[in-house]
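# Report on the structure
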Amino acid sequence: MDIIPATPAPEFKEVTGWANSKPLSIKGLKGKVVVLDCWTYTCIFCLRTIPIMRRLQQKYDKYGLQVVQAHSAEYHFATDHANIKRALARYRVTEPVAFDTANKTWEAYGNMYWPKHILVDHNGFVRYEHAGYGGIEDFEEILVELLEEAGKKPSGEKEQNNPHDEIYDTYGMHFYGMAPEICVGYSRLRRFGNNQTLKPDAPNIVIDHGSHDVNVVYLRGKWIWQREGVQYSPGGKEQNPAVIMNYNAAKRVHCIIGTSDGRPGKVEIKLDGNYLTKEQLGRDAKLEGNGVSIATIDWPFIQNLAKTDKPETHEIGIIPRSDNFVFYTFVFG
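Residues numbered from 1 in each chain as written. Predicted model: local features only at pLDDT ≥ 70, side-chain atom pairs only at ≥ 80, totals over all residues. Heavy atoms only, no water.

So, about the overall build of the chain. Summing up its helical and strand segments, the chain has five helices and 18 strands in all. Against the 2.2 N^0.38 benchmark of 20 Å for 333 residues, the chain shows a C-alpha radius of gyration of 22 Å, consistent with a compact globule. Each of the three principal axes of the chain carries a C-alpha extent, and together these read 70 × 40 × 35 Å. The buried share among the 333 residues of the chain stands at 56%. A separation threshold of at least 6 residues defines the contact pool for the chain, and within that pool the share at least 24 residues apart is 75%. Of the roughly 14,900 Å² of accessible surface on the chain, 47% is carried by carbon and sulfur atoms. Taken as two groups, the 39 positive and 41 negative side-chain charges of the chain have centres that lie 4 Å from each other. (Helix = DSSP H or I, 4+ residues; strand = E, 2+ residues; numbered from the N terminus. Rg over C-alpha atoms; globule rule 2.2 N^0.38 Å. Buried < 20%, exposed > 50% of the residue type's maximum accessible area, 1.4 Å probe, protein only. Contact = heavy atoms within 4.5 Å. Areas by Shrake-Rupley, 256 points an atom, 1.4 Å probe, with all protein chains shown as cover. Lys, Arg positive; Asp, Glu negative; His and termini not counted. Charge placed at Lys NZ, Arg CZ, Asp CG, Glu CD.)

Right under this line is the structure:
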C-alpha cells in the first residue's frame, strides 16, 4: 500500500450505469471511508481481489466502509452493460459497481493498472493507493486506521489469510515460473510463432509446421488478425484449424474467448493432442458423449478450460467448431 499526499478525490466521470446501487458520488459518500476498486472482468488479478473486497465490506460495513467498484474495459466487449452484469452475477459481486465504460474514472485517478485500489478518507481525500493484486493483509490495517480517524472503533481480529472462495479454486493463484499471459491481438502481440508474417485485419492462411517453442502462440488454418484477437475465417483448405500454445508450467489454463456475432459458439480442447480426461476438465469445459472435450461460448469472458493438481507442462490446442469463433488471450494460474 502506497501512502500519497492527501488530495481531493476526483468525482466519478462519464459513468454510463450502475449495478447494485443507485448512482453514487464522492461528495455523497463523504463521511465514509471508501475503497475505489478499479477493475475489469477480463483481468485474472482483478478476479482474485473480488473475495477480498467482499470480505472487507461485510466486516466493516457497520463502521462506515464503502467499497465501490469502477468497472473499466480492457477489451471492447467489456463495455457492454449486459456482459458486465453477467460477470457480476458469475462472480457474486454485490458491492456498488460504476460502469466506467469509457475508462474516464480510471484515467481521473491516474490509473495504469488492473486492478488498482484507491483509499479515500471520510473527508473525501485520497490517502493511499495500491496497484496490482494484493492480499487482505495489504488493505485491512490501513482501512482500520482510516475508520478510526473517522471516529469509529472497529473491533475483532485482523484476517490472517484471504477468504476461501470458489474464484481461487477455479482460476488458481499466480506462482513463480508460471506461463505468461499472452494477448494475441496486434495491439499487443508482435508476431506469432509461425514462420510467416500476418496481415492485420485481413484473412491469413497460416501454416503450422508442428514444432512449437515454449510460451509462444501458434495458429493453424485461416484467421483474421484483429486489434484485440484472432477471428476464425472458415473456408480454407486446413481442416483442423487451431490456436496452440506449449506452456511451460500451470495448474489452470484459461482463455478469453468469444464470438464475432454474439451468437453461441463452440470449441474443442486438447492437451498434447488428446481430449481432456474427466479429471482435467476445467469449470467451463465438459465431455460430450463421444469423449470429446468442448467448451460452449455464450459470452466473452475468461473461460477455465483445463486444470491439474500441480504445475505441469502441456501443449494446449483450441479448435474452433463454429464459424464465429474469436480468440483473445491465454491466461494461466
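Within the largest apolar cluster, 37 residues are counted, with the highest numbers of intra-cluster contacts made by Ile318, Phe325, Phe327 and Phe330. Looking at this core, the elements that each hand over two or more residues are β10 (217-225), β11 (230-232), β12 (242-259), β13 (265-271), β16 (293-297), β17 (301-320) and β18 (325-332). When residues in this core are grouped by element, the largest group, seven residues, is from β12. When near neighbours in sequence (up to four residues on either side) are disregarded, Phe330 contacts Pro180, Glu181, Ile182, Val217, Val243, Ile244, Met245, His254, Cys255, Ile316 and Ile318. Within the second largest apolar cluster, 29 residues are counted, among which are Cys46, Ile167, Cys183 and Ile302. (Core = buried A, V, L, I, M, F, W, Y, C linked by side-chain atoms within 4.5 Å.)

Tracing the sequence through the fold places Glu228 in the loop between β10 and β11. For Glu228, which is buried and forms no salt bridge, the nearest opposite charge comes from Arg227, at a distance of 4.1 Å. For Glu228, the side chain forms a polar contact with the main-chain nitrogen of His76, separated by 3.0 Å. Other than its neighbours up to four places away in sequence, Glu228 contacts Glu74, Tyr75, His76, Gly185 and Tyr328. (Salt bridge = Lys/Arg side-chain N within 4 Å of Asp/Glu carboxyl O. Polar contact = N/O pair within 3.5 Å; in protein donor to acceptor, adjacent residues only side chain to side chain.)

Another aspect to go through is helix α4 (residues 140-149). Of all the residues in α4, the buried ones are Glu140, Ile142, Leu143, Val144, Leu146 and Leu147. If you follow the buried residues of α4, they end up packed against β3 (33-39), α1 (44-60), β4 (65-71), β6 (116-120) and β7 (125-131). At the C-terminal side of α4, Gly151 shows a positive phi close to 90 degrees.

Before going further, it helps to spend a moment on unusual backbone geometry. The phi torsion at Arg92 lies on the positive side, around 55 degrees, for a residue other than glycine. The backbone of Asn103 shows a phi angle near 60 degrees, a positive value even though the residue is not glycine. Turning to its location among the elements, Asn103 is positioned in the loop between β5 (97-99) and α3 (104-108).

At a minimum axis distance of 12 Å, the contact between α1 and α4 shows a crossing angle of 30 degrees. Comparing the axis directions of α1 and α4 gives the class roughly parallel. In terms of crossing hand, the pair formed by α1 and α4 is right-handed. Contacts between α1 and α4 involve Leu56, Lys59 and Tyr60 from the first element and Glu140, Leu143, Val144 and Leu147 from the second. When its residues are assigned to classes, the contact of α1 with α4 shows five nonpolar, no polar and two charged. (Axes fitted to C-alpha atoms, helices over the stretch in contact; angles between N-to-C directions. Parallel < 35°, antiparallel > 145°, perpendicular 65-115°, else oblique. Left-handed = near helix turned anticlockwise from the far one by under 90°. Nonpolar A, V, L, I, M, F, W, Y, C, P; charged D, E, K, R; others polar.)

Before going further, it helps to examine the side chain of Gln69. Looking at the secondary structure, you find Gln69 in strand β4. The contact partners of Gln69, leaving out residues within four places of it in the chain, are Asp37, Trp39, Met53, Val93, Glu95, Pro96, Val97 and Ala98.

For the rest of this paragraph, the subject is the pattern of salt bridges. Across all of its chains, the model carries 16 salt bridges by this definition. The closest approach of N and O atoms between Asp121 and Arg127, which form a salt bridge, is 3.0 Å. Just as Asp121 is buried, Arg127 falls in that class too. For the salt bridge of Glu312 with Lys310, the shortest nitrogen-to-oxygen distance reads 3.6 Å. What makes Lys310 exposed here is its relative accessible area of 51%.

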